[in-house]
Each structure stands twice: as C-alpha cells, then as structure tokens.
Amino acid sequence: MDGHIARDAHRLPSPHYAEESGGGAPDHAPHTTDGVLTFREHLRERGISEAGTDIILASWKPGTEKQYRPHLKRWTQFCDKWNVSPSNPTVSNIINFLSETFNRNVGYETINTARSALSSLGIVVNGCRAGNHPLVLRFMKGVFNLRPPLPRYTETWDVQPVLRELKSMYPLHTLTLRDLTFKLVMLMALTQAARVQTLHLLVKNGIRIEQDSISVQLRGNVKQCRPTFNVRSVKFQAYSRDTSLCVCVTLQHYLARTEELRRGLSQDDDGLLLSYVRPHKSVTKDTIARWVKAMLQRSGVDTTKFTAGSVRSAAVSKAKAMSVPIASIMSKAGWTQESTFAKFYDKHIVPEVDPFQEAVLV
C-alpha cells in the first residue's frame with residue numbers, strides 16, 4: 001500500500017514540533033503496534049462498555065478496517081516515538097504524521113485514507129474532528145496539488161466482443177459447467193455493473209423467481225451500502241430480445257445444473273456460485289475475479305491491462321454511450337455524486353478496430 005519509502009521518510013521534526021509534543025519522558029504508557037486494538041483500548045478508557053465498543057468497531061466494513069489498520073498501526077508507532085498522546089494530539093502532531101506518510105512516496109488517496117483513519121478514532125482538535133481541522137484540510141490541498149489522484153484506467157474496453165463471445169456460448173445445455181459458470185458471472189457483472197464483492201455475496205437461499213426477473217439475496221453489505229442505500233438483494237431483469245444474453249435464463253439453467261451438487265453442502269455454505277470442480281463448494285472473491293478475467297481474455301480483452309474490476313467501468317461507460325440517463329446509471333451503481341461516475345468510471349471506450357484506418361482503407 002505504501003510503495004517505496006523515501007530517503008527523508010524518517011526526517012526528525014522541527015524543534016517546534018518537539019516542544020509541542022512535550023519532549024522528555026512520555027506522559028502515557030507505550031501502546032501496542034496493533035492500531036485497531038489501541039482504538040479498542042482507547043474507547044474502553046473513555047468508559048464505553050465492551051458491547052458498545054464492539055458496535056462502534058462494526059461501523060467499519062471489513063474492507064475499511066483493512067485499509068485503516070496499517071495507518072492506525074503507524075499512528076501508534078508515531079505517538080510512541082514522539083511521546084504523543086494518541087487520543088489527544090495537537091494539529092501539528094497530525095500534520096507531521098501525515099507528512100511522514102507523504103514522504104513514503106504514496107499517492108493522495110493513501111494519505112487521505114490515513115487522514116480518515118485518524119478521524120475515525122474520534123480525535124477532536126481545537127473543536128474540530130482531526131481530519132477536518134482547517135490546517136489539515138489545507139495540508140491535504142497541498143498534497144492534492146503535488147500528487148493529484150489519478151483513476152486506475154483512462155480508457156476501458158469495448159463490451160461488444162464480450163457480448164459476441166457470450167452469444168456464442170449457446171444453447172446452454174451444450175455448455176460444460178465451467179463455461180456455464182463463466183457466462184453467468186459475466187452476464188451478472190455486466191447487467192448490474194457489479195463488483196466481484198457483490199457477486200461473492202449472492203446466496204442461493206431466498207431466491208425469488210418471477211415472470212420477468214429473478215431476485216437474489218445478499219449475505220452482507222456491498223461496498224456502496226450506507227444508511228440511505230441499504231441493498232439487501234439484487235434484481236436481475238429478463239432480456240427477451242435475445243435469450244442467449246438473458247441473465248435470468250442463464251441463472252435458472254445454472255440453478256438446475258447445480259441443484260444436485262448443493263445437496264451435500266452445509267447450510268452455512270449457501271453461496272450462489274459454486275466451484276465447477278470437486279469439492280463443489282462456494283467460491284472466494286479471488287476465484288470469481290479469476291473467472292471474470294478468464295472470460296475477458298477469452299473475448300479478446302487485454303487482461304494485462306484490465307482486471308476483473310474493469311467490468312464496472314466498461315458497463316456504465318457503454319450505458320452512457322447508449323444515452324442511458326445519468327440518474328439511472330447512478331441508481332444502478334449506488335452512487336450519490338455524479339462526479340464519482342465522471343471521475344472514476346466514465347471512460348473512453350477503446351474501439352475494437354481503428355475507424356480511421358477502416359475508412360481510409362475501404
């Protein structure tokens with residue numbers, strides 16, 4: 001996450017910093033290097049019960065905790081090194097900590113994550129949350145100017161070759177379980193602009209099949225879930241125009257094909273997507289990502305450049321190119337700000353062939 005450590009990553013702070021930090025002997029006990037554990041101890045010291053602490057920690061999604069953990073660990077190390085109270089620092093302490101992170105040659109997003117991690121600790125400085133102090137915000141503007149964040153992709157692949165490959169994988173009864181699985185996963189990802197995480201959370205139990213749609217329950221929260229957008233299921237719509245591209249038809253065939261395989265599974269093993277090799281159990285996110293990538297490669301997409309996560313931007317970029325209203329795209333993807341789509345997902349679609357060359361050589 002941090003990239004390479006710069007030569008000046010461990011520069012000593014200015015004398016003003018040493019004075020503000022207190023200097024001399026520490027006025028607090030050394031802290032464990034596990035930042036999350038330190039946060040738990042900090043909450044307990046504030047009189048919050050164990051049950052209350054557990055609920056507060058549950059506010060972090062697993063992915064968020066994974067992102068915050070290294071920064072919280074370094075924060076406790078930083079506080080031990082400079083005799084700083086981790087729960088009662090000064091604004092200079094916070095900026096110097098973020099400066100050390102900056103000097104690790106990381107990008108804006110990583111430094112902003114470190115800022116958010118400190119804010120999540122409930123630290124208040126001069127009446128402001130740690131990450132929202134005016135001087136900290138000014139520091140982050142400086143980081144933005146020096147290292148502006150860049151999206152992972154500046155362009156995306158054309159959906160058409162993938163659709164042609166999917167159409168060729170028909171009739172469904174002629175497909176191996178492997179190919180049927182690949183087709184289903186790609187159709188679900190494209191039609192929902194879904195992340196791999198979303199596909200991994202789909203469960204077999206509670207599926208509701210209707211005339212023109214299938215609703216599949218989720219076992220947990222997807223990344224974009226929030227109090228005002230709490231997704232509990234995914235609704236796949238039938239596509240009567242072309243049965244070979246209908247996600248509902250493919251899903252029903254997949255359920256029938258895997259019904260016998262599910263009989264030996266425990267009740268806890270209720271994932272919708274099963275391994276197509278023995279033992280036929282629910283698969284991990286990494287496995288689903290490999291399936292998506294394999295399908296992209298099979299369709300001629302450059303998988304040395306594009307990963308499984310690129311399906312989301314390819315799908316929404318195609319939808320915009322087909323004049324789907326931005327409001328509909330945002331609703332499908334679970335975004336609240338149009339700028340999120342414009343900045344990270346609205347990409348130039350690389351055409352399958354060079355239209356200029358084709359016109360010239362005709």
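Let me begin by describing the structure that accompanies this report. Because the structure is a prediction, the values reported are computed rather than measured. (Residues numbered from 1 in each chain as written. Predicted model: local features only at pLDDT ≥ 70, side-chain atom pairs only at ≥ 80, totals over all residues. Heavy atoms only, no water.)

1. Some details on the pairing of strand 5 (residues 213-217)
Put simply, side chains in a regular strand alternate between the two faces of the sheet. Summarising burial for strand 5: 4 of the 5 residues are buried, a large majority. Strand direction decides the pairing type here: strand 4 (residues 208-209) and strand 5, joined by 2 bridges, are antiparallel. If you follow Arg208 over to strand 5, its bridge partner there is Ser215. A loop of 3 residues connects strand 4 with strand 5, the two strands running antiparallel in sequence. With 5 bridges connecting them, strand 5 and strand 6 (residues 233-237) associate as antiparallel partners. (Buried < 20%, exposed > 50% of the residue type's maximum accessible area, 1.4 Å probe, protein only. Helix = DSSP H or I, 4+ residues; strand = E, 2+ residues; numbered from the N terminus. Pairing = 2+ DSSP bridges.)

2. Description of the side chain of Lys318
In this fold, Lys318 is placed in helix 13 (residues 310-321). It is Asp158 that comes nearest to the buried, bridge-free Lys318 among opposite-charge side chains, at 5.6 Å. Polar contacts involving the side chain of Lys318 include one to the side chain of Gln160, which spans 2.8 Å. (Lys, Arg positive; Asp, Glu negative; His and termini not counted. Salt bridge = Lys/Arg side-chain N within 4 Å of Asp/Glu carboxyl O. Polar contact = N/O pair within 3.5 Å; in protein donor to acceptor, adjacent residues only side chain to side chain.)

3. Quick look at the environment of Asn221
Relative to the helices and strands, Asn221 resides in the loop between strand 5 and strand 6. The spatial distance from the C-alpha of Asn221 to the C-alpha of Thr198 is 8.5 Å, given a sequence separation of 23 residues.

4. Observations regarding the packing of aromatic side chains
Summed over the entire model, instances satisfying the criterion amount to 7 aromatic pairs. Ring centres of Trp75 and Phe78 lie 5.7 Å apart, and the angle between their planes is 15°; this geometry places the pair in the stacked category. Highlighted residues: Trp75 and Phe78, both in helix 4 (residues 62-82), separated by 3 residues, approximately one helical turn. The exposure class assigned to Phe78 is buried, which follows from its relative accessible area of 4%. (Phe/Tyr/Trp six-rings, centres within 6.5 Å; stacked < 30°, edge-to-face > 60°.)

5. What to know about the pattern of salt bridges
On inspection of all chains with the given rule, the structure shows 12 salt bridges. Note that Glu165 is salt-bridged to Arg298, the shortest N-O span being 3.0 Å. Note that Glu165 is positioned in helix 8 (residues 159-168) and Arg298 in helix 12 (residues 285-298), a separation of 133 residues in sequence. The exposure class of Arg298 is partly exposed, given its relative accessible area of 34%. What you see here is one network of salt bridges that share partners, running through Arg40, Arg44, Glu50 and Asp54.

6. Here's the deal with unusual backbone geometry
Residue Pro171 is reached from Tyr170 by a cis peptide bond, and omega for that bond is 0°. For the bond running from Arg278 to Pro279, omega is -10°, close enough to zero to count as cis. Structurally, Pro279 is set in the loop between helix 11 (247-262) and helix 12. For Asn105, which is not a glycine, the phi torsion comes out positive at approximately 65°.

7. Thoughts on the packing of helix 4 against helix 6 (residues 108-120)
For the pair helix 4 and helix 6, the least separation of the axes is 9 Å and the interaxial angle reads 75°. The orientation of helix 4 with respect to helix 6, classified from their angle, is roughly perpendicular. Where helix 4 approaches helix 6, its residues Gln67, Tyr68, His71, Leu72 and Trp75 are matched on the opposing element by Thr110, Thr113, Ala114, Ser116, Ala117, Leu118 and Ser120. For the contact of helix 4 with helix 6, the residue count by class is 6 nonpolar, 6 polar and no charged. (Axes fitted to C-alpha atoms, helices over the stretch in contact; angles between N-to-C directions. Parallel < 35°, antiparallel > 145°, perpendicular 65-115°, else oblique. Contact = heavy atoms within 4.5 Å. Nonpolar A, V, L, I, M, F, W, Y, C, P; charged D, E, K, R; others polar.)

8. Some thoughts on the sheet that holds strand 5
Taken in spatial order, the 3 strands make up an open sheet running 4-5-6, and their pairing is antiparallel. If you trace the sheet from one side to the other, it starts and ends with strand 4 and strand 6, each paired once.

9. Section: the packing of helix 5 (residues 91-102) against helix 7 (residues 134-146)
Where helix 5 meets helix 7, the axes come as close as 10 Å, and the angle between the chain directions of the two elements is 15°. If you check the angle between helix 5 and helix 7, you find them roughly parallel. Note on packing geometry: the crossing formed by helix 5 with helix 7 is right-handed. Facing Val91, Ile94, Ile95, Leu98, Ser99 and Phe102 of helix 5, the residues of helix 7 in contact are Leu135, Val136, Phe139, Val143 and Leu146. Grouping the amino acids of the contact of helix 5 with helix 7 by side-chain chemistry returns 10 nonpolar, 1 polar and no charged. (Left-handed = near helix turned anticlockwise from the far one by under 90°.)

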